Amino acid sequence: MAVPYDHLSESWRYPVASRVFHWLVALLVLIVWPFGMVIEFVKEDVKLDFYFIHESFGFLILWLMLARLAVRLINPPPPRPPLPVWQERIAGLNHALLYVALIAQPVFGFLATNAFGFPLDWFGLVTVPSPIGKSDLAPTLMSVHVFLGWSILVLFALHIAGVLHHHLIRRDPMLERML
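Residues numbered from 1 in each chain as written. Predicted model: local features only at pLDDT ≥ 70, side-chain atom pairs only at ≥ 80, totals over all residues. Heavy atoms only, no water.

With that settled, consider the overall build of the protein. In terms of regular secondary structure, the protein is built from four helices and two strands. Ordered by position from the N terminus, the helices and strands of the protein form the series α-α-α-β-β-α. Each principal axis of the C-alpha atoms in the protein carries an extent, and together these give about 55 × 30 × 25 Å. Classification of the 179 residues of the protein by burial places 35% in the buried group. Surface exposure of the protein reaches about 10,800 Å², of which carbon and sulfur atoms provide 74%. (Helix = DSSP H or I, 4+ residues; strand = E, 2+ residues; numbered from the N terminus. Buried < 20%, exposed > 50% of the residue type's maximum accessible area, 1.4 Å probe, protein only. Areas by Shrake-Rupley, 256 points an atom, 1.4 Å probe, with all protein chains shown as cover.)

This is the structure in structure tokens:
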């Protein structure tokens, strides 16, 4: 809901937990996405290391996103500066799609890895059992995982474009809400 905005009021900022989850997930996406993109191009002797990092941090993103979703459900977003209706709708759709993609992506990656016959060895601490085992679904699950990866990149770019639009063009304090 758009109401007069006092950017000095702490009530306009997201709760600390929301901000921490936001920036942790953003950082991890910037680590996981490139690792996933280059795995097929690295030498065989380091390929498993790339998989290990990609899968472990990807699975961490899943749990951080689930925690972030819980925090958001408990603490709805704070009021924001007034926006035209079309911008509110686009921003809302982009955020919703990011949440869905950032939760579905690691699930499909985990299932694809398992369907190819490999367990998830999460940071070398826990072996996460496969809910499906080796399966002919592996290529399909991997295709969905890759599609979601590219979708996240596009949604991430749109999100950054929106942030830059607010910060540099509109010069409103939207960015300050997440800092």
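Right, let's get into the pattern of salt bridges. Using the criterion set out here, one finds three salt bridges in the structure. Residue Arg80 pairs with Glu88 through a salt bridge whose shortest N-O separation is 3.0 Å. Given a relative accessible area of 22%, Arg80 falls into the partly exposed group. Its relative accessible area of 27% is what places Glu88 among the partly exposed residues. Between Arg170 and Asp172 there is a salt bridge, and its shortest N-O distance comes to 3.0 Å. (Salt bridge = Lys/Arg side-chain N within 4 Å of Asp/Glu carboxyl O.)

To continue, consider the side chain of Glu55. Mapped onto the fold, Glu55 is located in helix α2 (residues 44-74). Of the buried charged residues, Glu55 lacks a salt bridge, with Lys47 as the closest side chain of opposite charge at 12 Å. Ignoring sequence-local partners within four residues, the contact set of Glu55 consists of Thr113 and Leu120. (Lys, Arg positive; Asp, Glu negative; His and termini not counted. Contact = heavy atoms within 4.5 Å.)

Quick look at helix α1 (residues 16-38) now. For α1, which comprises 23 residues, the first-to-last C-alpha distance of 34 Å matches the rise-based estimate of 33 Å (1.5 Å per residue) to within 8%. Every buried residue belonging to α1 is among Ser18, Arg19, Phe21, His22, Val25, Ala26, Leu28, Val29 and Val32, and all of these are buried. For α1, the secondary structure elements touched by its buried residues are α2, α3 (85-115) and α4 (138-170). (Expected span 1.5 Å × (residues − 1).)

This next bit is on the packing of aromatic side chains. One pass over the full model with this rule turns up seven aromatic pairs. Between Phe35 and Phe50 the ring centres are 4.9 Å apart and the planes differ by 40°, which places this aromatic pair in the tilted class. One end of the pair, Phe35, is in helix α1; the other, Phe50, is in helix α2, with 15 residues separating them in the sequence. The exposure class of Phe35 is partly exposed, given its relative accessible area of 22%. With a centroid separation of 5.1 Å and 80° between ring planes, the pair formed by Phe57 and Phe123 is classed as edge-to-face. Taken together, the positions of Phe57 in helix α2 and Phe123 in the loop between β1 (120-122) and β2 (126-128) put the pair 66 residues apart, joining distant regions of the chain. (Phe/Tyr/Trp six-rings, centres within 6.5 Å; stacked < 30°, edge-to-face > 60°.)

The phi dihedral of Phe123 is positive, around 55°, even though this residue is not glycine. Positive phi outside glycine occurs at Arg171, with the angle close to 55°. Its place among the elements puts Arg171 in the segment after α4. Given the relative accessible area of 66%, Arg171 is considered exposed.

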